[in-house]
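The chain contents come next:
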Amino acid sequence: MKKFYFLLTAIPLLFQSQNSVEHFIGYNFITAQSVGKIKGDIKNNIYGHSLTFGTNLENQTEEWVKFLSAKNIKYNLIYLNLDQMQNNLWGRNYGFGEVYAASANVDFRLMRFSDFEVLFSPTLGLAYITKTVHTDPDSYFFGSHLNAMFDAGLGIQYNFTKNYALTSRFSFLHFSNGAIQLPNAGVNTISTSIGIQRNFNISTHTEQDQQAETQIKKQALEIAVGVGQRGKYKVKEAFYRVAISPAYSYFINNTLGFKIGLDAVYYDQVFNPEVYDDSVPYWGKSWEHWRIGTSVGTEIKMNKVSFNANYGYYLYFKSPYNQKTYWKAGLRYYFTPKFGAESIMTAHQVQADFISFGLFARF
């Protein structure tokens, strides 16, 4: 602990400057419990650590920072031990491995009083999980080593001196691979963390280096095309999907937009009840090669990156389970104000259908 305190104190001294912008480094201890019963569970403890590197955004002039009350952008390195979450299937105690993850998040300030701040912190990352169904047959949670990490929660930051702050957070944390490989039960947890943060400055010329924010067209027709896969159960093969989504979008400013459109999905292989993999319950199955829905949603643009979320109703879907609704969410990156790349997950209720990776254009 003394070595870590020295790290927080000494490293920032290398970056001190009179012409500066505030950055910080922080450490958090994490403890969590999974939500939902593990088969034959005898222990439900998760613990870990995170190291954070961040930048304070409060002096930034970009519209999205002011409009959304963005305070920080953070990059996190995370370790979690899932072997303390155990079951006793097949007569032996079994843990679910270890997690090594990298994530990024933005802190949005909800309120401030005196030296205390309340923050909302959505987080997205990529995690490597050591045990899967392919390496450990008893592991029914994960079908792949690589999984997406989603985290959203409320935090409190107490700035007890100019350069130091105590941080704590209560959040919902989820790991899954978006059904790219099955099984994809994933892990849902309620987590808490407590830590310390050290602020420091690095030399920069904020007025000269800061680029002008790209202005987005207020209203436009758009088209997005993506390709994705849904895994087959316990084998490294997949069904493939093509997603085509024409829409109309309207931005009330350079940050917040709304859209309405169609979502067409093509299946390379339709539902066959005589195939074992198709006997596994899955709400995205279709008797036909096409399904079509209409959806409404929002887009929150943060410079070149945006978050998208839509809720939809099927106009045409030959579903074995009579599925009527769906939702989708994901990220976009704007190469130009009219063209970019996106990654979108489509889901039914709480079950992931597939993740598409593709391009979009606005006209």
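Residues numbered from 1 in each chain as written. Predicted model: local features only at pLDDT ≥ 70, side-chain atom pairs only at ≥ 80, totals over all residues. Heavy atoms only, no water.

**Concerning the overall build of the chain**
Here is step 1: For the chain, the helix and strand inventory stands at three helices and 20 strands.
Here is step 2: Buried residues in the chain amount to 49% of all 363 residues.
Here is step 3: If you take every contact in the chain between residues at least 6 apart in sequence, the share linking residues at least 24 apart comes to 61%. (Helix = DSSP H or I, 4+ residues; strand = E, 2+ residues; numbered from the N terminus. Buried < 20%, exposed > 50% of the residue type's maximum accessible area, 1.4 Å probe, protein only. Contact = heavy atoms within 4.5 Å.)

**Details of the sheet that holds strand β6 (residues 94-95)**
Here is step 1: A sheet is described by the order of its strands in space; here three strands give the open sequence β2-β5-β6, paired in antiparallel fashion. Strands at the two margins of the open sheet, each flanked by one partner only, are β2 (41-44) and β6.
Here is step 2: Sheet topology note: the strand β5 (residues 85-87)/β6 ladder contains two bridges and is antiparallel. In the sheet register, glutamine 86 faces β6, and the bridge partner there is glycine 95. (Pairing = 2+ DSSP bridges.)

**Notes on the environment of threonine 132**
Here is step 1: Inspection of the secondary structure assignment puts threonine 132 in the loop between β9 (123-129) and β10 (146-158).
Here is step 2: Between the C-alpha atoms of threonine 132 and glycine 97, which are 35 residues apart in sequence, the distance is 8.5 Å.
Here is step 3: When neighbours within four sequence positions are excluded, threonine 132 is seen to be in contact with Ser139, Phe142, Gly143, Ser144 and His145.
Here is step 4: Of the polar contacts made by the side chain of threonine 132, one reaches the backbone nitrogen of histidine 134; its length is 3.1 Å. (Polar contact = N/O pair within 3.5 Å; in protein donor to acceptor, adjacent residues only side chain to side chain.)

**A look at the sheet that holds strand β20 (residues 351-362)**
Two modes of strand pairing occur in sheets, parallel and antiparallel, and in both the strands are linked by backbone hydrogen bonds.
Here is step 1: Taken in spatial order, the eight strands of this closed barrel run β13-β14-β15-β16-β17-β18-β19-β20, and their pairing is antiparallel. Across this sheet, the average inter-strand angle for adjacent strands is 25°, counted without regard to direction.
Here is step 2: Here 14 bridges tie strand β13 (residues 219-232) to strand β14 (residues 235-251), and the two strands are oriented antiparallel to one another. If you follow alanine 224 over to β14, its bridge partner there is serine 245. (Axes fitted to C-alpha atoms, helices over the stretch in contact; angles between N-to-C directions.)

**Some words on the environment of aspartate 107**
Here is step 1: Looking at the element boundaries, aspartate 107 is found in strand β7 (residues 98-113).
Here is step 2: On the accessibility criterion, aspartate 107 (0% relative accessible area) is buried.
Here is step 3: Contacts of aspartate 107, omitting those with residues within four sequence positions, involve Ser69, Ala70, Lys71, Asn72, Lys74, Leu119, Phe120 and Ser121.
Here is step 4: A polar contact is formed between the side chain of aspartate 107 and the side chain of asparagine 105, at a distance of 3.1 Å.

**Quick word on the side chain of threonine 346**
Here is step 1: With respect to the helices and strands, threonine 346 occurs in strand β19 (residues 339-348).
Here is step 2: Given the relative accessible area of 8%, threonine 346 is considered buried.
Here is step 3: Discounting chain neighbours no more than four positions away, the residues touching threonine 346 are Arg291, Tyr326, Trp327, Lys328, Ala352, Asp353 and Phe354.

**Remarks on unusual backbone geometry**
Here is step 1: Residues leucine 182 and proline 183 are joined by a peptide bond in cis, for which omega reads 5°.
Here is step 2: Tracing the backbone through its elements, the reader meets proline 183 in the loop between β11 (164-176) and β12 (187-203).
Here is step 3: At glutamine 349, a residue that is not glycine, the phi angle is positive and equals roughly 55°.
Here is step 4: Secondary-structure assignment places glutamine 349 in the loop between β19 and β20.
Here is step 5: The class for glutamine 349 is partly exposed, based on a relative accessible area of 48%.

**A look at the packing of aromatic side chains**
Here is step 1: Inspection of every chain in the model, using the stated rule, returns 14 aromatic pairs.
Here is step 2: An angle of 15° between the planes, with centres 4.5 Å apart, marks the rings of phenylalanine 96 and phenylalanine 141 as stacked. Taken together, the positions of phenylalanine 96 in the loop between β6 and β7 and phenylalanine 141 in the loop between β9 and β10 put the pair 45 residues apart, joining distant regions of the chain.
Here is step 3: Classification of phenylalanine 96 by relative accessible area gives buried; the value is 0%.
Here is step 4: The class for phenylalanine 141 is buried, based on a relative accessible area of 9%.
Here is step 5: On the numbers, 5.6 Å between centres and 65° between planes, the contact of tyrosine 333 with phenylalanine 335 is edge-to-face.
Here is step 6: For tyrosine 333, a relative accessible area of 38% puts it in the partly exposed group.
Here is step 7: Judged by relative accessible area, which is 45%, phenylalanine 335 ranks as partly exposed.
Here is step 8: Clustering of aromatic rings is evident, with ring pairs tying together Phe113, Phe116, Tyr158, Phe160 and Tyr164.
Here is step 9: The ring of phenylalanine 360 carries the charged tip of arginine 332 above its face, separated from the ring centre by 4.0 Å. (Phe/Tyr/Trp six-rings, centres within 6.5 Å; stacked < 30°, edge-to-face > 60°. Lys NZ or Arg CZ within 6 Å of the ring centre and 35° of its normal.)

**Focus on the pairing of strand β8 (residues 116-120)**
Here is step 1: Across five bridges, the pairing between β7 and β8 is antiparallel. Residue pairing in the sheet places phenylalanine 108 in a bridge with phenylalanine 120 of β8.
Here is step 2: Between β7 and β8, which pair antiparallel and follow one another directly, the connecting turn spans two residues, one of which, serine 114, has a positive phi of 55°.
Here is step 3: Here five bridges tie β8 to β10, and the two strands are oriented antiparallel to one another. Of the residues in β10, the one forming a bridge with phenylalanine 120 is leucine 154.

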